[in-house]
Amino acid sequence: MPNIAPAGPGGLQAPAPVPADGGPDPAAPDVIGLDIGGTKTHGVRWNAGVAVAEAKSGSANVQNVPPEEAARNLAELFAALGGHADRVVAGSGGVDTDSDAEALRVLIAQQVPGARIDVVHDTRLILAAGAASTGIAVIAGTGSVAWGMDAKGRQARSGGWGYLLGDEGSGYWVAREAVRATLHRSNRAEPVGVLGESVLRANGVQAPEELIALFHGSYGRRYWAGQAHLVFDAARAGDSVAEEIVNEAARHLRALVGDVATVLGLRSPVIIGGGLAVHQPRLQELLARGLREDGFNEVRFLAVDPVHGVDYLLRSGSL
């Protein structure tokens, strides 16, 4: 394993402690930060800069779930966090246009009438959670995207188009490639290997062909992205097809970084978050080595949840 520095210096290693009496200071401003991903929404409440509550619910991504579902998940989350807030900062995937941001802002406003609400793309939280105001942020979770900002405030992005148009290198993509590889091996009358056996067993089916209807059925992106670990497990067991999927995922993610760097002329830092990148050491190793070969010498993986980037954005005056 290479010497990879975790992102999150400057007091961002963990949420600040809850006050001794367990409650907020009623005279201090309340801020709620939201990290809205493809499968979940993570919220933290700060009172006078101190984290006093934390909760999670289902996704409120306005491009991934119907508005009614997003509203229910937000209602559940805000109830758990304590309702009213003076300000809400939401980092979300699926915020590609002003209308996307406004749709989410309206849903949030229903939960916190009168609050100031800022909506940013969730990649901005990745950079901020790494205590950086400029650089390139990468998300490799259920989906995938890279985003960057330079010292002049110029921004650039690559990917994040959703699973129908892209998301290469994401958890969903890795799992889908595993299903495709299993079907391809079967069509060629070859043994499905360690990877194929794992995929069949995880889905409770006997024959690879049964995966077709299952994949096109009612199971969503979260279900399949949750099986990405099967590919990494099979790669460690020596399955050559699984190894190639993992290598290809790293190449796709490196390409996203390269796109943003080309537009902005940035080389560092590169801060990487998302469940897949954070929890798979082999992917971290490939990304760190590959990005160094591409000329990116400062590569960091998040050591804190992205929602804590909200605190950095506010403390640094970036919003």
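Going by the structure above, here's the rest.
The following refers to the structure shown.

So, how was this worked out
- Residues numbered from 1 in each chain as written.
- Predicted model: local features only at pLDDT ≥ 70, side-chain atom pairs only at ≥ 80, totals over all residues.
- Heavy atoms only, no water.
- Helix = DSSP H or I, 4+ residues; strand = E, 2+ residues; numbered from the N terminus.
- Rg over C-alpha atoms; globule rule 2.2 N^0.38 Å.
- Buried < 20%, exposed > 50% of the residue type's maximum accessible area, 1.4 Å probe, protein only.
- Areas by Shrake-Rupley, 256 points an atom, 1.4 Å probe, with all protein chains shown as cover.
- Expected span 1.5 Å × (residues − 1).
- Contact = heavy atoms within 4.5 Å.
- Phe/Tyr/Trp six-rings, centres within 6.5 Å; stacked < 30°, edge-to-face > 60°.
- Lys NZ or Arg CZ within 6 Å of the ring centre and 35° of its normal.
- Pairing = 2+ DSSP bridges.
- Axes fitted to C-alpha atoms, helices over the stretch in contact; angles between N-to-C directions.
- Parallel < 35°, antiparallel > 145°, perpendicular 65-115°, else oblique.
- Left-handed = near helix turned anticlockwise from the far one by under 90°.
- Nonpolar A, V, L, I, M, F, W, Y, C, P; charged D, E, K, R; others polar.
- Salt bridge = Lys/Arg side-chain N within 4 Å of Asp/Glu carboxyl O.
- Core = buried A, V, L, I, M, F, W, Y, C linked by side-chain atoms within 4.5 Å.
- Polar contact = N/O pair within 3.5 Å; in protein donor to acceptor, adjacent residues only side chain to side chain.

**Some remarks on the overall build of the chain**
Phase 1 of the analysis: What the chain contains, in helices and strands, is 12 helices and 11 strands.
Phase 2 of the analysis: Taking 20 Å as the expected radius of gyration for a compact globule of 319 residues, we find that the chain reaches 20 Å, a close match to that expectation.
Phase 3 of the analysis: By its C-alpha atoms, the chain is 70 × 45 × 40 Å across when sized along the principal axes.
Phase 4 of the analysis: Taken over 319 residues, the chain has a buried fraction of 54%.
Phase 5 of the analysis: Counting only carbon and sulfur atoms, one obtains 51% of the accessible surface of the chain, whose full area is about 13900 Å².

**Structural notes on helix 11 (residues 281-293)**
Structural remark: α-helix, 3.6 residues per turn; residues separated by three or four positions point the same way.
Phase 1 of the analysis: Along its 13 residues, helix 11 runs 18 Å from first to last C-alpha, staying within 8% of the 18 Å computed at 1.5 Å per residue.
Phase 2 of the analysis: For helix 11, the full list of buried residues reads Leu283, Gln284, Leu286, Leu287, Ala288, Gly290 and Leu291.
Phase 3 of the analysis: Packing partners of the buried residues in helix 11 comprise helix 8 (228-236), helix 9 (240-264), strand 10 (270-273), helix 10 (275-279) and strand 11 (299-302).
Phase 4 of the analysis: Looking one or two places after helix 11, you find Gly295, whose phi comes out positive at around 100 degrees.

**Some words on the packing of aromatic side chains**
Any two aromatic rings considered together are summarised by their centre-to-centre distance and by the angle between their planes.
Phase 1 of the analysis: Scanning the entire structure with this criterion turns up five aromatic pairs.
Phase 2 of the analysis: When the centroid spacing of 4.0 Å and the interplanar angle of 20 degrees are considered together, the rings of Tyr219 and Tyr223 count as stacked.
Phase 3 of the analysis: With relative accessibility at 27%, the residue Tyr223 sits in the partly exposed group.
Phase 4 of the analysis: Note on Tyr223 and Trp224: the rings are 4.9 Å apart at their centroids and 90 degrees apart in plane angle, and the pair reads as edge-to-face.
Phase 5 of the analysis: Here the aromatic residues Tyr163, Tyr172, Phe215, Tyr219, Tyr223 and Trp224 are joined through ring pairs into a cluster of three or more.
Phase 6 of the analysis: The residue whose ring lies beneath Arg267 is Phe296, and the NZ or CZ to ring-centre distance is 4.0 Å.

**Quick notes on the sheet that holds strand 2 (residues 30-36)**
Phase 1 of the analysis: Strand order in the open sheet formed by five strands is 4-3-2-5-6, and the pairing between neighbours is mixed. Strands with a single pairing partner mark the edges of an open sheet, and in this sheet they are strand 4 (50-58) and strand 6 (116-121). Each adjacent strand pair in this sheet contributes to an overall mean axis angle of 15 degrees, direction not counted.
Phase 2 of the analysis: Examined bridge by bridge, strand 5 (residues 87-92) and strand 6 share six bridges and lie parallel to one another. Along strand 6, the bridge assignment pairs Val89 with Asp118.
Phase 3 of the analysis: Across the sheet, helix 1 (residues 67-81) is in contact with strand 2, strand 3 (40-47), strand 4 and strand 5; its angle to strand 4 comes to roughly 155 degrees.

**Re the packing of helix 8 against helix 9**
To describe two helices that pack against each other, one gives the angle between their axes and the distance between the axes.
Phase 1 of the analysis: The interhelical angle for the contact between helix 8 and helix 9, taken along N-to-C directions, is 120 degrees, at an axis separation of 7 Å. By the criterion of interaxial angle, the relationship of helix 8 to helix 9 is oblique. Read as a crossing pair, helix 8 and helix 9 show a hand that is left-handed. On helix 9, the residues touching Val231, Phe232, Ala234 and Ala235 of helix 8 are Ala242, Glu243, Ile245 and Val246.
Phase 2 of the analysis: Broken down by class, the residue content of the contact of helix 8 with helix 9 amounts to seven nonpolar, no polar and one charged.

**As for the pattern of salt bridges**
Phase 1 of the analysis: Per the counting criterion, the structure on display carries 18 salt bridges.
Phase 2 of the analysis: Between Arg116 and Asp118 there is a salt bridge whose closest N-O contact spans 3.4 Å.
Phase 3 of the analysis: In this structure, the salt-bridge partner of Glu177 is Arg176, at a minimum N-O distance of 3.2 Å.
Phase 4 of the analysis: On the basis of relative accessibility, which here comes to 25%, the residue Arg176 falls in the partly exposed class.
Phase 5 of the analysis: Beyond isolated ion pairs, a larger network of salt bridges with shared partners links Arg87, Arg116 and Asp118.

**Some thoughts on the nonpolar core**
Phase 1 of the analysis: By size, the foremost hydrophobic cluster in this structure holds 51 residues, and its most contacted members are Ile136, Val174, Leu195, Val231, Val270, Ile272 and Phe296.
Phase 2 of the analysis: The greatest single-element share of this core, amounting to 11 residues, is contributed by helix 9.
Phase 3 of the analysis: Leaving out residues up to four positions away in the same chain, Val270 has contacts with Ile136, Val138, Val257, Leu291, Phe296, Glu298, Val299 and Arg300.

**Side note on the side chain of Ser170**
Phase 1 of the analysis: Along the chain, Ser170 falls in the loop between strand 9 (155-159) and helix 4 (171-187).
Phase 2 of the analysis: Among the polar contacts made by the side chain of Ser170, one reaches the main-chain amide nitrogen of Trp173 at a distance of 3.1 Å.
Phase 3 of the analysis: With near-sequence residues (within four places) excluded, Ser170 lies in contact with Gly141, Thr142, Gly143, Ser144 and Leu276.

**Topic: the pairing of strand 2**
Phase 1 of the analysis: Within strand 2, seven of the seven residues are buried, leaving the element largely enclosed by the surrounding structure.
Phase 2 of the analysis: Every second residue of strand 2 is oriented toward a common face, with Asp30, Ile32, Leu34 and Ile36 on one face and Val31, Gly33 and Asp35 on the other, all of them buried.
Phase 3 of the analysis: Taken together, the seven bridges between strand 2 and strand 3 define a ladder with antiparallel strand orientation. Looking at the pairing, Val31 lines up with Trp46 of strand 3.
Phase 4 of the analysis: With antiparallel pairing between neighbouring strands as the criterion, strand 2 and strand 3 make up a hairpin whose turn holds three residues.
Phase 5 of the analysis: Sheet topology places strand 2 next to strand 5; six bridges connect them, and they run parallel. Considered in strand 5, the bridge of Asp35 is made with Gly91.

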